[in-house]
Amino acid sequence: MGCLFVLLAGVFPRLALLIVWIARPAMVNAAFTSWIWPLLGLLFLPFATLMYVILWRVGGLSGWDWFWVAIAALLDVSHWGAGAAQRRSSSSTVTT
(Lines give C-alpha, C1' and ligand atoms only; values in the text may rest on other atoms or scores of the structure.)
Protein backbone atom coordinates (compact mmCIF):
# COMPACT_ATOMS: atom_id res chain seq x y z
CA MET A 1 0.00 0.00 0.00
CA GLY A 2 2.88 2.35 0.79
CA CYS A 3 4.39 1.85 -2.68
CA LEU A 4 1.07 2.74 -4.29
CA PHE A 5 0.91 5.94 -2.22
CA VAL A 6 4.44 6.93 -3.25
CA LEU A 7 3.67 6.21 -6.90
CA LEU A 8 0.51 8.31 -6.81
CA ALA A 9 2.30 11.13 -4.96
CA GLY A 10 4.98 11.20 -7.63
CA VAL A 11 2.52 11.12 -10.53
CA PHE A 12 -0.16 13.49 -9.17
CA PRO A 13 1.46 16.88 -9.86
CA ARG A 14 2.49 15.85 -13.37
CA LEU A 15 -0.97 14.49 -14.13
CA ALA A 16 -2.68 17.56 -12.65
CA LEU A 17 -0.49 19.94 -14.66
CA LEU A 18 -1.08 17.94 -17.82
CA ILE A 19 -4.86 18.02 -17.24
CA VAL A 20 -4.78 21.79 -16.62
CA TRP A 21 -2.67 22.25 -19.77
CA ILE A 22 -5.14 20.23 -21.87
CA ALA A 23 -8.34 21.58 -20.27
CA ARG A 24 -7.29 25.23 -20.04
CA PRO A 25 -4.41 25.93 -22.40
CA ALA A 26 -5.05 29.68 -22.17
CA MET A 27 -4.22 29.51 -18.45
CA VAL A 28 -0.83 27.92 -19.13
CA ASN A 29 -0.16 30.15 -22.14
CA ALA A 30 -0.85 33.24 -20.03
CA ALA A 31 1.65 32.13 -17.39
CA PHE A 32 4.43 31.19 -19.82
CA THR A 33 5.62 32.81 -23.04
CA SER A 34 6.75 29.57 -24.70
CA TRP A 35 5.91 25.88 -24.44
CA ILE A 36 9.39 24.83 -23.32
CA TRP A 37 9.12 26.21 -19.74
CA PRO A 38 5.95 24.34 -18.79
CA LEU A 39 7.36 21.20 -20.41
CA LEU A 40 10.57 21.47 -18.37
CA GLY A 41 8.46 22.17 -15.29
CA LEU A 42 6.37 19.10 -16.04
CA LEU A 43 9.54 16.99 -16.08
CA PHE A 44 11.65 18.48 -13.26
CA LEU A 45 9.54 20.65 -10.90
CA PRO A 46 5.93 19.63 -11.53
CA PHE A 47 4.37 20.78 -8.25
CA ALA A 48 6.04 24.20 -8.41
CA THR A 49 4.98 24.62 -12.04
CA LEU A 50 1.42 23.63 -11.16
CA MET A 51 1.32 26.17 -8.33
CA TYR A 52 2.79 28.85 -10.61
CA VAL A 53 0.10 28.24 -13.24
CA ILE A 54 -2.72 28.17 -10.67
CA LEU A 55 -1.56 31.36 -8.90
CA TRP A 56 -0.74 33.32 -12.07
CA ARG A 57 -2.63 36.62 -12.45
CA VAL A 58 -2.34 39.40 -15.00
CA GLY A 59 0.81 41.25 -14.00
CA GLY A 60 2.54 38.20 -12.54
CA LEU A 61 2.92 36.80 -9.07
CA SER A 62 3.34 38.88 -5.96
CA GLY A 63 4.17 38.42 -2.29
CA TRP A 64 2.51 35.32 -0.88
CA ASP A 65 2.15 33.80 -4.33
CA TRP A 66 5.93 33.42 -4.52
CA PHE A 67 5.90 31.91 -1.03
CA TRP A 68 3.58 29.11 -2.17
CA VAL A 69 5.61 28.50 -5.33
CA ALA A 70 8.78 28.30 -3.20
CA ILE A 71 7.14 25.80 -0.82
CA ALA A 72 6.08 23.71 -3.83
CA ALA A 73 9.62 23.88 -5.23
CA LEU A 74 10.99 22.70 -1.87
CA LEU A 75 8.57 19.76 -1.98
CA ASP A 76 9.78 18.90 -5.47
CA VAL A 77 13.44 19.10 -4.47
CA SER A 78 12.83 17.09 -1.30
CA HIS A 79 11.14 14.42 -3.41
CA TRP A 80 14.28 14.20 -5.56
CA GLY A 81 16.50 14.12 -2.45
CA ALA A 82 14.45 11.39 -0.78
CA GLY A 83 14.63 9.29 -3.93
CA ALA A 84 18.41 9.71 -4.13
CA ALA A 85 18.81 8.80 -0.45
CA GLN A 86 16.60 5.74 -0.92
CA ARG A 87 18.64 4.57 -3.92
CA ARG A 88 21.89 5.18 -2.03
CA SER A 89 20.76 3.21 1.03
CA SER A 90 19.34 0.33 -1.00
CA SER A 91 22.49 0.06 -3.14
CA SER A 92 24.72 -0.01 -0.06
CA THR A 93 22.75 -2.88 1.47
CA VAL A 94 22.86 -4.91 -1.75
CA THR A 95 26.65 -4.75 -2.12
CA THR A 96 27.43 -5.87 1.46
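Every value quoted in this text rests on a predicted model; they were computed, and no experiment measured them. In this numbering scheme, every chain counts its residues from 1 along its sequence in written order. Selection of residues for local features in this predicted model requires a pLDDT of at least 70, selection of side-chain atom pairs for listing and counting requires 80 or more, and totals for whole chains, interfaces and linings are taken over all residues. Only heavy atoms go into the side-chain values, all of them from the structure, while hydrogens and water stay out.

## A short note on the overall build of the protein
How we decide: Numbering of helices and strands runs from the N terminus; a helix is a DSSP stretch of H or I covering at least four residues, while a strand is a stretch of E covering at least two. Two things to know: the radius of gyration comes from C-alpha atoms, and the globule rule equals 2.2 Å times the number of residues to the power 0.38. The buried label goes to any residue with under 20% of its type's maximum accessible area, the exposed label to any with over 50%, and the partly exposed label to all in between, with areas taken from a 1.4 Å probe on protein chains only. What makes two residues a contact is simply this: any of their non-hydrogen atoms within 4.5 Å. Surface accessibility in these figures is a Shrake-Rupley result with a 1.4 Å probe; residues are shielded only by whichever protein chains are displayed.
Helix and strand counts for the protein stand at 5 helices and 0 strands. Counting from the amino terminus, helix and strand elements in the protein follow one another as α-α-α-α-α. Taken against the 2.2 N^0.38 rule, which gives 12 Å for 96 residues, the C-alpha radius of gyration of the protein at 16 Å runs more than 25% over that of a compact globule. In terms of overall dimensions, the protein has C-alpha extents of about 55 × 30 × 25 Å along its principal axes. Counting the 96 residues in the protein, one finds 26% classified as buried. Expressed as a percentage of contacts within the protein between residues at least 6 apart in sequence, the contacts between residues at least 24 apart total 52%. Entry remark: accessible area of the protein is about 6900 Å², with carbon and sulfur atoms responsible for 76%.

## Looking at the environment of Val58
With respect to the element layout, Val58 can be found in the loop between α4 (46–55) and α5 (64–95). Put simply, Val58 and Ile71 are 13 residues apart on the chain and 22 Å apart in space, counted from C-alpha to C-alpha.

## Regarding helix α3 (residues 36–44)
Think of an α-helix as turning once every 3.6 residues; residues three or four places apart then point the same way. To keep it simple, the criterion reads: Of all possible arcs, the one meant is that of the directions from the helix axis to the C-beta atoms.
Of the positions making up α3, those classed as buried are Pro38, Gly41 and Leu42. Buried residues of α3 fall within an arc of 100° about the axis and therefore sit on the same side.

## A word on the UniProt feature "transmembrane region" (unreviewed entry) in the protein
Convention followed: UniProt positions are given in the numbering used here, feature names are shortened, and annotations may be inferred rather than shown by experiment.
As recorded in UniProt, the feature "transmembrane region" (unreviewed entry) lies at residues 6–23, 35–54 and 66–85. Here residues 66–85 runs as 100% helix and 0% strand, with 28 Å between its end C-alpha atoms.

## Describing the packing of aromatic side chains
To keep things clear, this is the line we draw: Pairing of aromatic side chains here covers Phe, Tyr and the six-membered ring of Trp, requires ring centres within 6.5 Å, and sorts the geometry by plane angle: under 30 degrees stacked, over 60 edge-to-face, intermediate tilted.
Going through the model one piece at a time under the given rule, you end up with 6 aromatic pairs. Seen in terms of ring centroids, Phe44 and Trp80 are 6.1 Å apart; in terms of plane orientation they differ by 45°. Their pairing is tilted. Pair noted here: Phe44 is in helix α3 and Trp80 is in helix α5, with a separation of 36 residues, a long-range link. The class of Trp80 is partly exposed, set by a relative accessible area of 46%. Note on Tyr52 and Trp56: the rings are 5.7 Å apart at their centroids and 45° apart in plane angle, and the pair reads as tilted. Taken together, Phe32, Tyr52, Trp56 and Trp66 form an aromatic cluster joined through their ring pairs.

## Things to note about the layout of surface pockets
Here is the rule: The definitions used throughout rest on a 1 Å grid laid over the protein atoms alone, on which a cavity is an enclosed set of points accommodating a 1.4 Å probe that cannot get out and a pocket is an open set flanked by protein within 12 Å on both sides along at least five of seven lines; lining residues are those having an atom within 4 Å of a point. Grid points are joined across faces, edges and corners, and a volume is the space filled by probe spheres set on the points. Classification convention: Asp, Glu, Lys, Arg as charged; Ala, Val, Leu, Ile, Met, Phe, Trp, Tyr, Cys, Pro as nonpolar; all other residues, Gly among them, as polar.
Approximately 160 Å³ is the volume attributed to the largest pocket. Ala9, Gly10, Pro13, Arg14, Pro46, Phe47, Leu75, Asp76, His79 and Trp80 together form the lining of the largest pocket. Of the residues contributing to the lining of the largest pocket, the split by class is 6 nonpolar, 2 polar and 2 charged.

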